[in-house]
Amino acid sequence: MEHRFVATGDWHLPFGRERRFGSGVSRAVDAVIGGWEISAFFTLQSGFPLQVTQSGGTLWNGMQRPNLIGDPATHGDIHDRLNGYFNPAAFSRPAPDTFGTAPRTLDIRGPAVNMLDAAMIKSWRTKAGQRVEFRIEAQNVRNLPVFADPVTSTTAANATAYGASNFGVINGTKVMPRNVQLGFKYYF
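Quick summary incoming for the structure in this document.

Cut-offs and rules
Residues numbered from 1 in each chain as written. Predicted model: local features only at pLDDT ≥ 70, side-chain atom pairs only at ≥ 80, totals over all residues. Heavy atoms only, no water. Helix = DSSP H or I, 4+ residues; strand = E, 2+ residues; numbered from the N terminus. Rg over C-alpha atoms; globule rule 2.2 N^0.38 Å. Buried < 20%, exposed > 50% of the residue type's maximum accessible area, 1.4 Å probe, protein only. Areas by Shrake-Rupley, 256 points an atom, 1.4 Å probe, with all protein chains shown as cover. Lys, Arg positive; Asp, Glu negative; His and termini not counted. Charge placed at Lys NZ, Arg CZ, Asp CG, Glu CD. Phe/Tyr/Trp six-rings, centres within 6.5 Å; stacked < 30°, edge-to-face > 60°. Lys NZ or Arg CZ within 6 Å of the ring centre and 35° of its normal. Polar contact = N/O pair within 3.5 Å; in protein donor to acceptor, adjacent residues only side chain to side chain. Contact = heavy atoms within 4.5 Å. Pairing = 2+ DSSP bridges. Axes fitted to C-alpha atoms, helices over the stretch in contact; angles between N-to-C directions. Core = buried A, V, L, I, M, F, W, Y, C linked by side-chain atoms within 4.5 Å.

Helices and strands together make up the secondary structure of the protein chain, namely one helix and nine strands. Each helix and strand of the protein chain, placed in order from N terminus to C terminus, yields the pattern β-α-β-β-β-β-β-β-β-β. For 188 residues, the compact-globule estimate of 2.2 N^0.38 gives 16 Å, and the C-alpha radius of gyration of the protein chain, at 26 Å, exceeds that figure by more than 25%. Counting the 188 residues in the protein chain, one finds 31% classified as buried. Just so you have it, the protein chain exposes about 11600 Å², and 58% of that area is on carbon and sulfur atoms. The average position of the 19 basic charges and that of the 14 acidic charges among the side chains of the protein chain differ by 9 Å.

Structural data, given as structure tokens:
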């Protein structure tokens, strides 16, 4: 990958007993507003270079790549390019027993990752050194799609047209939609 940025943080909210706001509240009010904590994990990363390969090639030894006969780049928003992330017409079938002219990796990268995971945690003190913790955790909090790489494997079996019908198509995601889970822990 070319670029990767990761940031994480944790913040104890300033509400409740022994905090900046509400330090004089009763135990009952503190049980509701005190002891909250927010944590987050943010990842921003560029995609990996795409490697176009050909299944069913005619080489005796090694991976046969297609010929690169045009510009495989396409432009626009990723949502507009799901059915054509790169130009499949930029590739052709190489002659039998030749490697093909496509480079090992293209100058095109797969979709980027933009993820935010977060948690809200509430703790209650019980007897000496023990506590109860309630957690709400969410992966992909913003519910943004993180698309998978497009299909980069072509087929040499079809003699009339180059490439499989899904060649260059993004047909999935790397990360599931927002997932929220709840949890309780007792520390003793």
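The next thing to look at is the packing of aromatic side chains. By the definition in use, this model includes seven aromatic pairs. Aromatic side chains Phe91 and Phe167 sit 5.6 Å apart centroid to centroid with 75 degrees between the ring planes, which places their arrangement in the edge-to-face category. Residue Phe91 is found in strand S5 (residues 91–92), and its partner Phe167 is found in the loop between strand S8 (153–155) and strand S9 (179–187); the two are separated by 76 residues along the sequence. Of the two residues, Phe91 and Phe167, both sit in the buried class. Counting every residue linked through ring pairs, the aromatic cluster contains Phe86, Phe91 and Phe167. The ring of Tyr85 carries Arg81 above its face, with NZ or CZ at 4.2 Å from the centroid. The residue whose ring lies beneath Arg131 is Tyr187, and the NZ or CZ to ring-centre distance is 4.1 Å.

On to unusual backbone geometry, then. In this structure, Asn140 is a non-glycine residue whose phi angle is positive, near 55 degrees. Along the chain, Asn140 turns up in the loop between strand S7 (131–139) and S8. Given a relative accessible area of 2%, Asn140 falls into the buried group. Located in the positive-phi region is Asn143, a residue other than glycine, with phi close to 55 degrees. Its place among the elements puts Asn143 in the loop between S7 and S8. Judged by its relative accessible area of 36%, Asn143 falls in the partly exposed class.

Attention shifts here to the side chain of Asn140. Within the structure, Asn140 has its side chain in polar contact with the backbone oxygen of Leu144 (distance 3.0 Å). The residues touching Asn140, leaving out its near neighbours within four places in the chain, are Met115, Leu116, Asp117, Val175, Met176, Pro177 and Arg178.

Taken in spatial order, the five strands of this open sheet run S1-S2-S6-S7-S9, and their pairing is antiparallel. Two strands bound the open sheet, and with one partner strand each, they are strand S1 (4–12) and S9. Between one strand and the next, the sheet's axes are offset by a mean angle of 15 degrees, whatever the strand orientation. Examined bridge by bridge, S1 and strand S2 (residues 36–45) share nine bridges and lie antiparallel to one another. Each residue of the ladder has a partner; that of Phe5, found in S2, is Leu44.

It is worth spelling out the nonpolar core at this point. Leu50, Val52, Ile78, Tyr85, Phe86, Ala90, Phe91, Leu106, Ile108, Phe147, Phe167 and Ile170 together form the largest nonpolar core, which totals twelve residues. Excluding its chain neighbours within four sequence positions, the residues that come into contact with Phe167 are Val52, Phe86, Pro88, Phe91, Val151, Thr152, Ser153 and Thr154.

Let us look at the side chain of Thr53. Relative to the helices and strands, Thr53 is located in strand S3 (residues 53–55). When sequence neighbours within four positions are dropped, the list of residues in contact with Thr53 reads Met63, Gln64, Pro66, Thr152, Ser153 and Thr154.

A word on the environment of Ile108. Locating Ile108 in the fold gives a position in the loop between S5 and strand S6 (113–125). The class for Ile108 is buried, based on a relative accessible area of 12%. In the structure, Ile108 is positioned 61 residues away from Gly47 in sequence and 8.9 Å away in space, judged by C-alpha atoms. If we ignore the near neighbours within four places in the chain, the residues touching Ile108 are Phe48, Pro49, Leu50, Pro72, Ala73, Tyr85 and Phe86.

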